[in-house]
Amino acid sequence: MISLDYFKAQNNFFLMAGPCVIEGEDMAMQIAERITQITQKLNIPFVFKGSYRKANRSRLDSFTGIGDEKALKILRKAGETFGIPTVTDIHESAEAEMAAEYVDVLQIPAFLSRQTDILVATAKTGRIVNIKKGQFLSPQAMQFAAQKVVDAGNTNVMLTDRGTSFGYTDLIVDYRGIPQMQEFGFPVVMDVTHSLQQPNQTSGVTGGLPSLIETIAKAAVAVGVDGLFIETHPNPCQAKSDGANMLQLDLLEGLLEKLIRIREAIL
């Protein structure tokens, strides 16, 4: 089991990255292997990300997963094969204990960031808890979500910003929120790719602005964010979830190299 010290090991920002959802073993292992190679080369602490199930798709016919246990076993295999920690999101309090058997970090989706039962259940697993800031919440409000986890006996908390709702079909990143949430004493992550979603499209398929991934990431690192969350895929146009805002895998190394230079400049 890892602790928050893992994320401070290299005096660098850390990276939580991987596909939106586990689509199959070959795909997941390919992505995990490539990101491991890149992050080891660049001395970036890495956590492999993948949802074992998508529970909040826009349409009933949208892809949700390959089966909970099958996907969780793939996450565990990736972690064991490449010697990396893993993270997945859960959607109900009853899922916390199950998912904790397979991954190192449990993530609370933004829409559920105020739900007491799921926060407490996740805290009790002893795993690191990454809470995504609700699109409807201020940065200051996240201290109360984090405190629920702490009061349940777990101080291993991270907070992630993924933008704030702007109208009905857009999100805006307010970079003031990064230092404001850091004041609570927890690592703060910028969810680069989800902040570029364009939800609630009339087609029922979420849109995105992947051309701005570099912009969002650069600004977050310049502000002093502790970690970055980036969903990536070898071929985003064929991804079964969130392809519209994902980073193409072969662009990741070049982006991280630029971000490291920004990090070095502000130290």
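Structural data are supplied above this passage.
In this report, the structure presented in the accompanying data block is examined. None of the values given here were measured: they were computed from a predicted structure. (Residues numbered from 1 in each chain as written. Predicted model: local features only at pLDDT ≥ 70, side-chain atom pairs only at ≥ 80, totals over all residues. Heavy atoms only, no water.)

**A word on the overall build of the protein**
Rules: Think of it this way: any DSSP run of H or I at least four residues long counts as a helix, any run of E at least two long counts as a strand, and we number them from the N terminus. Throughout, exposure labels follow a simple rule: accessible area from a 1.4 Å probe, protein chains only, divided by the maximum for the residue type, with under 20% read as buried, over 50% as exposed, and the rest as partly exposed. Between two residues, a contact is recorded if the distance between any of their heavy atoms is within 4.5 Å. Accessible areas in this description were obtained via Shrake-Rupley with a 1.4 Å probe; residue shielding takes into account the shown protein chains only. The positive count covers Lys and Arg only, the negative count covers Asp and Glu only, and His and the chain ends enter neither. We put the charge of a Lys on NZ, of an Arg on CZ, of an Asp on CG and of a Glu on CD.
Counting its regular elements, the protein contains eight helices and 13 strands. Projected onto its principal axes, the C-alpha positions of the protein cover 45 × 40 × 40 Å. Here the protein holds 267 residues, and 53% of them are scored as buried. Sequence-distant contacts, at least 24 apart, represent 70% of the contacts inside the protein between residues at least 6 apart. Element-wise, carbon and sulfur atoms account for 48% of the exposed surface of the protein, whose accessible area totals about 11,500 Å². Positive and negative side-chain charges of the protein, numbering 25 and 30 respectively, have mean locations separated by a distance of 2 Å.

**Examining the pairing of strand S1 (residues 14–18)**
What counts, and what does not: DSSP bridges decide pairing: two strands pair if at least two such bridges lie between them. For crossovers, right-handed means that the path from the first strand over the helix to the second runs clockwise, given strands pointing away from the viewer.
Here S1 lies mainly inside the structure; five of its five residues are buried. The alternating pattern of S1 places Phe14, Met16 and Gly18 and Leu15 and Ala17 on opposite faces, both of which are buried. Note: S1 against strand S12 (residues 227–233), five bridges, orientation parallel. Bridge assignment links Gly18 to a residue of S12, and that residue is Glu231. In this fold, the crossover linking S1 to strand S2 (residues 46–49) by way of helix H1 (residues 25–42) has right-handed handedness.

**Quick look at the pairing of strand S9 (residues 188–191)**
Consecutive side chains of a regular strand alternate in pointing toward one face of the sheet and then the other. By the alternation rule, side chains of S9 split into Val188 and Met190 and Val189 and Asp191, which are all buried. Bridge count for strand S6 (residues 157–161) against S9 is three bridges, and the pairing is parallel. Note that in S9 the partner of Asp161 across the bridge is Met190. Bridge analysis of S9 against S12 gives three bridges, and the strand direction is parallel.

**Re the pattern of salt bridges**
For clarity, the threshold we go by: A pairing counts as a salt bridge when a side-chain nitrogen of Lys or Arg comes within 4 Å of a carboxyl oxygen of Asp or Glu.
Overall, the coordinates contain eleven salt bridges when judged by the stated rule. The closest approach of N and O atoms between Glu253 and Lys41, which form a salt bridge, is 2.6 Å. Here Glu253, found in helix H8 (residues 252–266), pairs with Lys41, found in helix H1; they are 212 residues apart in sequence, far enough to count as distant. Residue classification places Glu253 among the buried positions, given a relative accessible area of 16%. For Lys41, a relative accessible area of 56% puts it in the exposed group. Notably, a salt bridge pairs Glu231 with Lys49, separated by 2.6 Å at the nearest N-O pair. You can see Glu231 sitting in strand S12 and its partner Lys49 sitting in strand S2, a full 182 residues away along the chain. A relative accessible area of 2% means that Lys49 is categorised as buried. Residues joined in a network through salt bridges with shared partners are Arg34, Lys41 and Glu253.

**Section: the packing of aromatic side chains**
Stated precisely, the cut-off is as follows: We call Phe, Tyr and Trp rings a pair once their centres come within 6.5 Å, taking the six-membered ring for Trp, and we label the pair stacked below 30 degrees between planes, edge-to-face above 60, and tilted otherwise. Two conditions define a charge sitting above a ring: the NZ of Lys or the CZ of Arg must be within 6 Å of the ring centre, and it must be within 35 degrees of the ring normal.
Going through the model one piece at a time under the given rule, you end up with three aromatic pairs. Ring plane angle 55° and centroid distance 4.5 Å describe the contact between Phe7 and Phe14, whose orientation is recorded as tilted. With a relative accessible area of 1%, Phe14 lands in the buried category. For the ring pair Phe46 and Phe48, a centre distance of 6.5 Å and an interplane angle of 70° mean the geometry is edge-to-face. Relative accessible area serves as the criterion here: at 0%, Phe48 is assigned to the buried category. An aromatic cluster is defined as three or more aromatic residues linked by ring pairs; in this entry it consists of Tyr6, Phe7 and Phe14. The ring of Phe229 has Lys132 sitting right over it, with the charged end atom 4.1 Å from the ring centre.

**Brief notes about the side chain of Ser113**
Under the convention used in this document: We define a polar contact as two N or O atoms separated by no more than 3.5 Å, with the added condition that, inside protein, one atom must be a possible hydrogen donor and the other a possible acceptor, whereas residues neighbouring each other in sequence contribute only through side-chain atom pairs.
Here Ser113 shows up in the loop between strand S4 (105–108) and helix H4 (116–123). Judged by its relative accessible area of 0%, Ser113 is buried. A distance of 3.0 Å separates the side chain of Ser113 from the backbone oxygen of Ala110, its partner in a polar contact. Discounting residues that sit within four places of it in the chain, Ser113 has contacts with Ile108, Leu119, Ile131, Lys132, Lys133, Gly134, Phe136, Leu137, Met142 and Ala145.

**Side note on unusual backbone geometry**
Apart from glycine, the bulk of residues carry a negative phi angle, and the bulk of peptide bonds sit in the trans form. Its identity is not glycine, yet Asn43 carries a phi of approximately 60°, on the positive side. Along the chain, Asn43 turns up in the loop between H1 and S2.

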